[in-house]
Amino acid sequence: MSRPVKYNINPQVTKISDSISYADLPEGMEGEGFYATKFEKIVGLARKNSIWPLPFATSCCGIEFMATMGSHYDLARFGSERLGFTPRQCDLLMVMGTIAKKMAPIVKQVYLQMAEPRWVLAMGACASSGGIFDSYSVLQGIDQIIPVDVYIPGCPPRPEAVLDGVLRIQDLVHNESLRRRNSSHYKALLNSYDIQ
Ligand code: SF4
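Residues numbered from 1 in each chain as written. Predicted model: local features only at pLDDT ≥ 70, side-chain atom pairs only at ≥ 80, totals over all residues.

### A short note on the overall build of the chain
Spelled out, the test is: Counting from the N terminus, the helices are DSSP H or I runs at least four residues long and the strands are E runs at least two residues long. Any residue with 12 or fewer other C-beta atoms within 10 Å of its own C-beta is exposed, any with 20 or more is buried, and the rest are partly exposed; the C-beta atoms used are placed from the backbone.
A count of helical and extended segments in the chain gives six helices and six strands. The linear arrangement of helices and strands in the chain, starting from the amino end, is β-β-α-β-α-β-α-β-α-β-α-α. Oriented by its inertia axes, the alpha-carbon framework of the chain measures out at about 65 × 65 × 25 Å. Expressed as a percentage of its 196 residues, the buried residues of the chain come to 26%.

### Notes on the site of the ligand
Heads up, the rule is: Contact assignment follows one rule, namely that a residue is near a molecule or strand if its backbone-placed C-beta atom lies within 6 Å of it. In the scheme used here, Gly and all other residues not listed as nonpolar or charged are polar, with Ala, Val, Leu, Ile, Met, Phe, Trp, Tyr, Cys and Pro taken as nonpolar and Asp, Glu, Lys and Arg as charged.
Taken together, the residues surrounding the ligand are S59, C60, C61, G97, T98, G124, A125, C126, G131, C155 and P156. Looking at the shell around the ligand, its residues break down into six nonpolar, five polar and no charged.

### What to know about the packing of helix α2 (residues 60-69) against helix α5 (residues 159-175)
Filter applied, for reference: The axes are straight lines fitted to the C-alpha atoms, using for helices just the contacting stretch, and the angles between their N-to-C directions are given from 0 to 180°. With respect to orientation, any angle under 35 degrees is reported as roughly parallel, any angle over 145 as roughly antiparallel, any angle of 65 to 115 as roughly perpendicular, and every other angle as oblique. Contact between two residues is assigned whenever their backbone-derived C-beta positions fall within 7 Å.
Closest axis-to-axis distance for the α2/α5 pair is 9 Å, and the angle between their directions is 75°. In terms of orientation, α2 lies roughly perpendicular with respect to α5. Along the contact surface, α2 presents E64, F65, A67 and T68, while α5 presents P159, V162 and L163.

### Here we look at the pairing of strand β4 (residues 92-96)
This is how it is decided: Between any two strands, pairing holds if DSSP finds at least two bridges. With strands facing away from the observer, any crossover in which the path from the first strand over the helix to the second runs clockwise is taken as right-handed.
Of all five residues that make up β4, five are buried, and the element is covered over most of its length. The pairing of strand β3 (residues 53-57) with β4 spans five bridges and is parallel. Looking across to β4, one finds that A57 is bridged to M96. Read from β3 through α2 to β4, the crossover connection turns out left-handed.

This is how it looks when you write it as structure tokens:
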């Protein structure tokens, strides 16, 4: 006996505009026929919504990141679906997983090959602090070798936490002054990591 086929007798009509969220305009002055804002705000808006991450995944947190890229969580909603596997094309280094001390120079080299402006996100307990691997061979947090902008706690963090971390990075990117990278404060930060 064949199974009865059920049709949806109450189809929901969705408007495309319901599922698209527009980026907020930067602060400015608007009036009929013109809109004025600061160059810095426009650059921040563009950068914020087109972050190109470089996933540096070494272990289980990388799997959680794959879930974040899947259709259910979909990092593309935040303009960050274009992952890059060459540091020269990326502006967000996402380190996820245990980093052995032997691998630390490689992480640093990848960071150095990224052009400014660049941001760093440490995903999970291992990348942030060494996690449960308090051993002679594991780096106790990537901030021992490169500056980190945002830490995502958890072992592993859920995809929601990863999305939250990316949103925190977006806030930083949006509000960063164009002059920050030339400031003495920033240079001192890099010098403290022996980076010129
Ligand atoms: S934080 Fe936990 S889940 Fe992530 S890499 Fe370390 S052990 Fe694996």
